Amino acid sequence: MITVLFKSILSEYVPGEPDQVELTYEPDLTIRAILEQCGLQPGHIGLAMVDGQVSDLDCPLHDGVTVELYPIFGGG
Amino acid sequence: MSFNGKILKVDLTSSEVKVEEQPESFYRRYQGGHGIGLYYLLKESKHDVDALEPENPLIFAPGLLTGLRAPAVPRYVVISKSPLTGALGKSEAGGYWGPELKKAGFDALVITGSSKAPVYLLIRDDKVEIKDAGHLWGSETGPVQEKLREELGDKGTQVVQIGPAGEKGVLYANIVNNLAHFNGRNGLGAVMGSKNLKAIAVRGSGKLKAKNEERLKEIFRWTAGQVKEHPLSSMLHKHGTPAGIKTVNAQGGLPTNNFELGVFEGAEELASEDYSLKPKGCYACPVVCKRVVEVNEDDIVVDKMYGGPEYETLAALGSNCGIGDLKVVAKVNEICNRNTLDTITLGMTISFAMKCFEEGIIGPDDTDGMELKFGNKDVLIPLVEKIIKREGIGDLLALGSKKAAEKFGPESKKYLVESKGQEAPMHDPRVKTGLGLQYALSINGADHWFAQHDPFFAAEDGFGVIEMAGLGLTEAVDPLDTGMAKVRLIYYTSVLNSVYDLLGVCVFGYVARSLIPLNFLLDQVVAATGWKTSWFELMKAGERAMAMAREFNRRQGLEQEADKLSESFYRPLAKGPFAGKITLKEEDLNDAVEKYYALAGWNKSGGVSRNKLEELGLGWLVQ
Ligand code: SF4
């Protein structure tokens, strides 16, 4: 099982607007593939973390990890 | 056309009012905004003028597109010499005042001299009067706007004004229109106060007519239809800039305790939308992203009339002072807006004093007995009130952190976080190095909109790379890179942002921060003016305005030595994902600054080369 936390406005891209989704583990699953499934573009993401560590979008995910996704931000 | 061909000039010493006419060729060269502002600043100011002398001009200039019914182009600039930095003072605001000045028939307002007694300026189309403001002096912004509209019998009058902080000469006092849109930085409210000019009330009955109204309408309709679809504009519309707090905190770059830590445990509360009402907007802008906050509780009441704290304010007065109480930060924001204080410099000056207090450099004897410790929210409101009134410690802190450090002693200087004497905004260059280049190079002191921000260019499928490939920015650039790829990114986008300022563009409406693409912006310039123009010509105009700004600074004695960062940024962060890591080195940053000069055609001392000035049609600046 992989837990994905959609932070801030990103939750609005997931049907029903939950901020947490559980996905069944599949080998070679990446954050990029999860984004595609949710209709999010990579440009939407400002920061992706896997178990609290910054991660790139193409790194294969292990079973049991928690992915946190934050929206892009730059310039207030 | 989107311009009137007329510049209004008012001398407050002699009470003389003049109108100068300019041909179309002037607008093609200087466009609007800071292009026109700098033209008059360079023509009309003495080389060694003091910012608070009557001879220092104060110029208000809307952008070339401002006043049209076009999306997210409401901006005007205020240009002068900054009393905070001694460098160029340049600060942009949206809202409603700039469009109204254009509708009154003027493309800029140049104010010189100083009145003996408080006055306000009343502009009703071509009727311009200097009026007594004795009854308004000392009043906060809300009551002043109300009184003026009542006296003039016209609720549509647009008022730009200073509050008591500007009157008292707080060196980071700002200027506000419509109570919630600020020319926020560089202390230009103190310049207005030094002229005894309380407000400028404008009403225009004219209408700017674009050459091709139909194309403008199409782009407006497209924008209105896309605002809630595009992820960036929809985030701005629904959640405003405060939504950024969580991302920046998770990245480890949220300025906390005077930029010592990159994460703050109170970030969630600061980002809360508990007190937010429906957002407000600016003239003819469908994005509608300005925050409005109201608090009605036993201990704190915050009036929604003054807007609400945006990302910069939440971080500057919140995390950066170790304060996570949203109600207190919202209240201080309201006090600042009533009195016209720059919340960034204010927060940074307070956090600097807190750091000096914690390090024992200053003590309760220096602070009127106040415990200036990070997280002590009880001192915030009384301290800000002292600064506005310039009482006790407030009189010193009213000068900003760099001047306060002179008094606190040499030990304190290592805790400064500024460039050219202006305190850094709420983006940490140790997490995105492009901001380091921006702070060092910005002509008006540390500024976070000198260029575009690194995160949009961090991946090849990032919004910045997709949207700006047409400018030649086709590659991803690592947020921590300091080599040529980063210099090119900052150079190209600093010229782009200069173009945005010429046109009156709001960065929250256009790429890379928002939705409207560059080809639509070019179409709007063509539609507005009828010119057969191109991005090449616009970028040259952007370069021209930057060259004029650089030349103004050179005349103030500011060259390469001024293009530096505070040593604080070369120390590692003490907490968060970047804790203990050196991510920005002084030699790399200085090398990047030199590379930028080379790309810009500036010489090794940072001055604009003679050839570059002549190429840009600025031969009149060659000595
Ligand atoms: S995008 Fe927001 S800040 Fe910019 S002009 Fe529109 S409403 Fe104003």
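Note that the structure is a prediction, hence the values are computed from the model and not measured. (Residues numbered from 1 in each chain as written. Chains lettered and ligands numbered in written order. Predicted model: local features only at pLDDT ≥ 70, side-chain atom pairs only at ≥ 80, totals over all residues. Heavy atoms only, no water.)

## A closer look at the interface of chain A and chain B
Operational definition: Whether two residues touch is decided by their heavy atoms; if any such pair falls within 4.5 Å, the residues are in contact. Note on definitions: buried area is the accessible-area loss of two parts on being combined, 1.4 Å probe, summed for both. When a carboxyl oxygen of Asp or Glu is within 4 Å of a side-chain nitrogen of Lys or Arg, the pair counts as a salt bridge. N or O atoms within 3.5 Å of each other form a polar contact, as long as, within protein, one can give a hydrogen and the other can take it, and as long as residues adjacent in sequence are counted only when both atoms are side-chain atoms. Starting at the N terminus, helices and strands are each numbered in turn, a helix being any DSSP run of H or I of at least four residues and a strand any DSSP run of E of at least two. As a working rule, the residues Ala, Val, Leu, Ile, Met, Phe, Trp, Tyr, Cys and Pro are called nonpolar, Asp, Glu, Lys and Arg charged, and the rest polar, with Gly in that last group.
Residue-level contacts link 19 residues of chain A with 29 residues of chain B. Between chain A and chain B, the buried area comes to about 2000 Å², and carbon and sulfur atoms account for 64% of it. It is Ile72(A), Phe73(A) and Gly76(A) in chain A that bury the most area against chain B; as a group they hold 33% of the surface buried on that side. Summed over the shared surface of chain A and chain B, the result is 2 salt bridges. We note a salt bridge from Lys238(B) to Glu12(A), for which the minimum N-O separation is 3.1 Å. On the surface where chain A and chain B come into contact, there are 9 residue pairs in polar contact (both at pLDDT 80 or more). Among the elements of the structure, β3 (45-50) and β5 (66-71) of chain A are those that each provide at least two residues to the side of chain A that touches chain B. Residues of the side of chain A that touches chain B, tallied by class, amount to 9 nonpolar, 8 polar and 2 charged.

## Some points on the packing of aromatic side chains
Residues and elements named next belong to chain B. Inclusion rule: Pairing of aromatic rings covers Phe, Tyr and Trp, the last counted by its six-membered ring, and requires centre-to-centre distances within 6.5 Å; plane angles under 30 degrees mean stacked, over 60 mean edge-to-face, and any other angle means tilted. Exposed residues in this analysis have more than 50% of their type's maximum accessible area, buried residues have under 20%, and partly exposed residues fall in between, with area computed by a 1.4 Å probe over protein chains only. Consider the ring centre and the ring normal. A charge sits over the ring if Lys NZ or Arg CZ is within 6 Å of that centre and within 35 degrees of that normal.
For the coordinates displayed, the defined rule picks out 23 aromatic pairs over all chains. Both rings, one in Tyr39 and one in Tyr40, keep their centres 5.0 Å apart while their planes meet at 85°; by these two values the pair is edge-to-face. A relative accessible area of 15% places Tyr39 in the buried class. Seen from their ring centres, Phe352 and Phe408 are 5.8 Å apart, and the 15° between their planes marks the pair as stacked. Taken together, the residues Phe352 in helix α13 (residues 343-358) and Phe408 in helix α16 (residues 401-408) connect sequence positions 56 residues apart. One exposure class covers both Phe352 and Phe408, and it is buried. Here a set of aromatic residues connected by ring pairs shows up, and it is made of Phe3, Phe26, Tyr27, Tyr30, Tyr39, Tyr40, Trp531 and Trp620. Geometry around Phe520 places Arg215 over its ring, the cationic atom sitting 5.3 Å from the centre. Residue placement shows Lys581 over the ring face of Phe578; its charged tip is 5.9 Å from the ring centre.

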